[in-house]
Amino acid sequence: MTKPVQLAHVVMRTSNYKPMISWYQTVLDATLTFGNEVVSFITYDEEHHRFAFIHIPGLKKPEAGTQGFDHCAFTYASMADLLENYKRLKAEGIEPFWCINHGPTTSMYYRDPDGNQVELQVENFDTVQESTAFFYTEEFKENPIGVDVDPEDLCRRLEAGEAELELKKRPHIGPRGMGDDVPLQ
């Protein structure tokens, strides 16, 4: 069986057209590659577009607790990059609604103007094999969701010179309680 080589792009239908484009440009530090009143494309890397937005006036927001897309995730190269982006977005008035160390990743979850969830993360292990192995530990079996973290505390610790390896260690405190609006991972 032939597998794809990469995820190319995501397309969003929205009635909240311009705020959605602006939000994703800000969050992903992306540039507009094409845009008119019907469709726009943005990218944050060498690809011609990673997100497309289709303007459809009058769409209804999905009801809470319905099936569908939960979130998409973007990985940063380092904890320092993730935290620098956190500070940049906070200065723009964009703050995460949930920050957690899942074990394999440390993640910050945001909501776009339409209420879709976006996860910004950093890998906590050096290799995919190490991350995958964590799924088979007793620690993960006891708490597969993770432990909440405070991004301001992580920023302070990084600025004080604490090693990223230490910042990425999952705290050994009680399991995370799940709210209705918290993604599963």
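Description of the structure in this document. Just so you know, these numbers come straight off a predicted model, no measurement behind them. Per chain, the residues get numbers from 1 upward, laid out in the order the sequence is written. At least 70 in pLDDT is required for a residue's local features to be given in this predicted model, at least 80 for side-chain atom pairs to be given and counted, and no such filter applies to totals for whole chains, interfaces and linings, which use all residues. Only heavy atoms go into the side-chain values, all of them from the structure, while hydrogens and water stay out.

### With respect to the pairing of strand β6 (residues 98-101)
Applicable threshold: Residue burial is assigned from relative accessible area. The probe radius is 1.4 Å, only protein chains are included, and a residue is buried under 20% of its type maximum, exposed over 50%, and partly exposed in between. For helices the rule is a DSSP run of H or I covering at least 4 residues; for strands it is a run of E covering at least 2, with both sets numbered from the N terminus onward. Here, a strand pair is defined by DSSP locating no fewer than two bridges between the strands.
Residues Trp98 and Ile100 line one face of β6 and the alternating positions Cys99 and Asn101 line the opposite face, and both faces are buried. Note that β6 and strand β7 (residues 105-111) share four bridges and pair antiparallel. Residue pairing across strands places Ile100 opposite Ser107, the latter belonging to β7. If you look at the hairpin formed by β6 and β7, you'll find three residues sitting between the two strands, and Gly103 has a positive phi there, around 115°.

### Examining the sheet that holds strand β4 (residues 51-55)
We count it as follows: Axis geometry follows a simple rule: fit a line to the C-alpha atoms, using only the stretch in contact for helices, then measure angles between N-to-C directions, giving values from 0 to 180 degrees. Note on contacts: a residue pair is in contact if any heavy atoms of the two residues lie within 4.5 Å.
Read from one edge of the open sheet, four strands run β1-β4-β3-β2, paired in mixed fashion. Edge positions in the sheet fall to β1 (10-14) and β2 (31-35), since each of these pairs with one other strand and no more. In this sheet, neighbouring strand axes are inclined to one another by 20° on average, regardless of whether the strands run parallel or antiparallel. Two strands pair when backbone bridges link them, and β2 and strand β3 (residues 39-43) are joined in this way by four bridges, in the antiparallel orientation. Bridge pairing in β3 places Leu32 opposite Ile42. Contacting β1, β2, β3 and β4, helix α1 (residues 17-28) runs over the sheet at an angle of about 165° to β4.

### A short note on the sheet that holds β7
With respect to topology, five strands assemble into an open sheet ordered β5-β8-β7-β6-β9, the strand pairing being mixed. Edge positions in the sheet fall to β5 (71-76) and β9 (147-148), since each of these pairs with one other strand and no more. Examined bridge by bridge, β7 and strand β8 (residues 117-123) share seven bridges and lie antiparallel to one another. Its bridge partner being in β8, Ser107 is matched across the sheet by Gln121. The strands touched by α1 within the sheet are β5, β7 and β8, with β8 carrying the most contacts at an inclination of about 10°.

### Some remarks on helix α2 (residues 79-91)
The periodicity of an α-helix, 3.6 residues per turn, causes residues three or four places apart in sequence to face the same way. Going by this rule: One less than the residue count of a helix, multiplied by 1.5 Å, gives the span that helix is expected to have. The arc refers to the directions leading from the helix axis to the C-beta atoms.
Taking 1.5 Å per residue, 13 residues should reach 18 Å; α2 reaches 18 Å between its end C-alpha atoms and fits that length. Listing the buried residues of α2 in full gives Met79, Leu82, Leu83, Asn85, Tyr86 and Leu89. Taken end-on, α2 shows its buried residues confined to a sector of 155°, consistent with a single buried face. One or two residues past the end of α2 sits Gly93, with phi positive at roughly 85°.

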